[in-house]
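The lines below spell out each chain.
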Amino acid sequence: RVGDGQSALLATHMSIIPQSQRMGVGVGTGGLSRRLLLHRLRITGYSNSSINPPSAREINTMRQRLKAAILVQQNKPLKVGDLDLPDLAAGQVLVKVGHSGICGKQIEEISGKRGADPYLPHLLGHEGAGEVVDIGPGVRKVKAGDHVVLHWMKGSGIDSAPPRFEGEDGAVSAGWVTTFSQFTIVSENRVTPIEKDVGLDVASLLGCAVTTGLGIV
């Protein structure tokens, strides 16, 4: 839970630690193999050079469910829950989130400072970085395996429909980009490919913090 005294710090975009640590959620096995579990930890900031990448079957298993931090009620702690992953629609990109920042706008959404929220419950986050797992029809900008920055500002590519997820308590809305989850479905025009030698922790800042800072200089 974010207190008033912490909002200013969070709004500086310095929260770029791995998703599994920041949300305070351990990565459960969920019936997956130990190798896949270790692979997940490696992708989110842990290192183990002996881990092999997951098989196509394991990736398919991972795609069925994701863990996300959900805004259910304003001025209340986010609820961490499991969501079903829908099939990708035209122009959508499935990304495994490696790192996410947190912007002051998200703090305002959570606290209710921006006013009543007609889209509750919904996902949050508009700056991050990760690895493309799959692409929907028509996507040409990226392919599976690419490392990407996730950003709120429109870029090139298809402006897809926002995804809609199903959770334990019903439908959960999302925007064209969200990042407070293990996996995310993003519009093609909200992802930009980067070289794989760029750290995902640093790359996540390009989604909002750096571009916003450049815009006011």
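Keep in mind that this is a model prediction, so the values were computed, not measured.

What counts and how
- Residues numbered from 1 in each chain as written.
- Predicted model: local features only at pLDDT ≥ 70, side-chain atom pairs only at ≥ 80, totals over all residues.
- Heavy atoms only, no water.
- Helix = DSSP H or I, 4+ residues; strand = E, 2+ residues; numbered from the N terminus.
- Buried < 20%, exposed > 50% of the residue type's maximum accessible area, 1.4 Å probe, protein only.
- Contact = heavy atoms within 4.5 Å.
- Pairing = 2+ DSSP bridges.
- Axes fitted to C-alpha atoms, helices over the stretch in contact; angles between N-to-C directions.
- Core = buried A, V, L, I, M, F, W, Y, C linked by side-chain atoms within 4.5 Å.

### Structural notes on unusual backbone geometry
Excluding glycine, residues mostly have negative phi values, and the peptide bonds linking residues are mostly trans. For the peptide bond that leads from Leu-120 to Pro-121, omega is -10°, which places it in the cis range. Tracing the backbone through its elements, the reader meets Pro-121 in the loop between helix H5 (104-111) and strand E4 (122-123). For Asn-75, which is not a glycine, the phi torsion comes out positive at approximately 60°.

### Thoughts on the environment of Pro-193
Relative to the elements of secondary structure, Pro-193 occurs in strand E10 (residues 191-194). A relative accessible area of 37% means that Pro-193 is categorised as partly exposed. For the pair formed by Pro-193 and Ala-129, sequence separation is 64 residues and the distance between their alpha carbons is 9.6 Å. Dropping the residues within four chain positions of it, Pro-193 is found in contact with Lys-141, Val-142, His-147 and Val-148.

### Describing the sheet that holds strand E5 (residues 127-135)
Strand order in the open sheet formed by five strands is E9-E3-E5-E6-E10, with antiparallel pairing between adjacent strands. The two strands at the open ends of the sheet, each matched to only one other strand, are strand E9 (183-187) and E10. Sheet twist, expressed as the average angle between the axes of neighbouring strands with direction ignored, equals 45°. Here five bridges tie E5 to strand E6 (residues 147-151), and the two strands are oriented antiparallel to one another. The residue bridging Gly-128 from the neighbouring strand is Leu-150, located in E6.

### Observations concerning the side chain of Thr-178
Assignment of secondary structure puts Thr-178 in the loop between strand E8 (170-173) and E9. Judged by its relative accessible area of 2%, Thr-178 is buried. Residues in contact with Thr-178, not counting those within four places in the same chain, are Leu-123, Leu-124, Gly-125 and Thr-184.

### With respect to the environment of Ile-70
Positionally, Ile-70 belongs in strand E1 (residues 65-71). Judged by relative accessible area, which is 7%, Ile-70 ranks as buried. Each C-alpha atom, one on Ile-70 and one on Ala-174, is 9.7 Å from the other, the two residues being 104 residues apart in sequence. Every residue in contact with Ile-70, bar those within four places of it in the chain, is listed here: Leu-78, Lys-79, Gly-81, Leu-83, Pro-121, His-122, Leu-123 and Val-172.

### Concerning the pairing of E5
Pairing between strand E3 (residues 92-100) and E5: seven bridges, direction antiparallel. The residue bridging Lys-96 from the neighbouring strand is Glu-131, located in E5.

### Details of the nonpolar core
Ranked by internal contacts, the top residues of the largest apolar core, which has 13 residues, are Leu-66, Leu-83, Leu-123 and Phe-165. Mapped by element, the contributors of at least two residues to this core are E1 and E9. Examining the composition of this core, we find that three residues originate from one element, E1, more than from any other. Sequence-distant contacts of Leu-123, defined by excluding residues within four places in its chain, comprise Ala-68, Ala-69, Ile-70, Leu-83, Phe-165, Val-172, Ser-173, Ala-174 and Thr-178. Core analysis: the second largest hydrophobic core is formed by 11 residues, Val-93, Val-97, Val-148 and Leu-150 among them.

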